[in-house]
Amino acid sequence: MRIRRILAAVIATSALAGLGLTGAATATAAAQRAPSVVSPSQCREGGGDPRIDLPGNPCVGGKYDGQAVD
């Protein structure tokens with residue numbers, strides 16, 4: 001009986017720790033995302049080329065590749 005309680009506690013602790021690690025990884029990934037809209041100067045500084053002549057005004061290449069240029 002005691003072994004079952006200990007085993008249940010170990011399993012519950014492991015599950016909660018796993019959820020905590022998943023949440024931390026998600027928060028880290030969200031913090032590393034590039035902004036959804038960049039300025040033409042930010043695009044150039046990131047190594048890209050602001051292409052306002054293309055649909056959606058994307059930054060092409062570099063750090064902000066594919067982001068909209070405002």
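For the structure, check the block above.
None of these values were measured; they are calculated from a predicted model.

Regarding the overall build of the chain
In terms of helices and strands, the chain carries two helices and four strands. Beginning at the N terminus, the succession of helices and strands in the chain can be written as α-β-α-β-β-β.

Some remarks on the environment of Ile52
The topology assignment puts Ile52 in the loop between strand 2 (49–50) and strand 3 (59–60). Given the relative accessible area of 62%, Ile52 is considered exposed. Sequence-wise, Ile52 and Ala68 are 16 residues apart; in three dimensions their C-alpha atoms are separated by 9.0 Å. Among all residues touching Ile52, those that are not within four sequence positions of it are Asn57 and Val69.

Some details on unusual backbone geometry
In this structure, Asn57 is a non-glycine residue whose phi angle is positive, near 50°. For Asn57, the position within the fold is in the loop between strand 2 and strand 3. Note on Asn57: relative accessible area 30%, which makes it partly exposed.

Focus on the environment of Pro55
Here Pro55 lies in the loop between strand 2 and strand 3. For Pro55, a relative accessible area of 76% translates into the label exposed.

Conventions and cut-offs
- Residues numbered from 1 in each chain as written.
- Predicted model: local features only at pLDDT ≥ 70, side-chain atom pairs only at ≥ 80, totals over all residues.
- Heavy atoms only, no water.
- Helix = DSSP H or I, 4+ residues; strand = E, 2+ residues; numbered from the N terminus.
- Buried < 20%, exposed > 50% of the residue type's maximum accessible area, 1.4 Å probe, protein only.
- Contact = heavy atoms within 4.5 Å.

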